[in-house]
Amino acid sequence: PTVVGRDPRNISAYPQAQRASIFDPSRSVSKTHALLVPVPGGVWVTDLHSTNGTRIEEEGHVTVARPGESIPVPTGATIVLGSAAYRVED
């Protein structure tokens, strides 16, 4: 598991998680934005009560992550953190 954000902090709910910083000069990504957990065929993403939200875009369909809920993101889909977009690849 990895906690991502501009300056992510490990949070007590996920003490084993690694931290990965995202460069975001627009500051649309929160300091501690989301949790990513890799699984076969994609990742699970959990929005960590970010300011600008997390959404998943796949084949023209958009799913908005509710804070604290884990959502599966298959390979090929895009995770949008604030205004920063990342495609999930193998």
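Each value, and the rule that gives it
- Residues numbered from 1 in each chain as written.
- Predicted model: local features only at pLDDT ≥ 70, side-chain atom pairs only at ≥ 80, totals over all residues.
- Heavy atoms only, no water.
- Core = buried A, V, L, I, M, F, W, Y, C linked by side-chain atoms within 4.5 Å.
- Buried < 20%, exposed > 50% of the residue type's maximum accessible area, 1.4 Å probe, protein only.
- Helix = DSSP H or I, 4+ residues; strand = E, 2+ residues; numbered from the N terminus.
- Contact = heavy atoms within 4.5 Å.
- Pairing = 2+ DSSP bridges.
- Axes fitted to C-alpha atoms, helices over the stretch in contact; angles between N-to-C directions.

Brief notes about the nonpolar core
Inference 1: Residues V45, I56, V73, I79 and L81 are the most contacted members of the largest nonpolar core, which totals 15 residues.
Inference 2: Secondary structure elements with two or more residues in this core: β4 (42-47), β7 (70-74) and β8 (78-81).
Inference 3: The contact partners of I56, leaving out residues within four places of it in the chain, are V45, H61, V62, T63, I71, V73, A77 and T78.

Quick word on the sheet that holds strand β1 (residues 2-5)
Inference 1: Taken together, 5 strands build an open sheet; the order of strands is β2-β1-β3-β4-β7 and the sheet is mixed. Here the strands that pair on one side only, and so sit at the sheet edges, are β2 (18-21) and β7. With strand direction ignored, the average angle separating the axes of adjacent strands in the sheet is 30°.

A short note on the sheet that holds strand β9 (residues 84-87)
Inference 1: Sheet architecture is open: 4 strands sit in the order β6-β5-β8-β9, paired in antiparallel fashion. Whereas interior strands pair on both sides, the edge strands pair on one side only; in this sheet they are β6 (61-64) and β9. Averaged over all adjacent pairs, the angle separating strand axes in this sheet is 20°, with direction ignored.
Inference 2: Where strand β5 (residues 54-58) meets β6, 4 bridges bridge the pair, whose relative direction is antiparallel.

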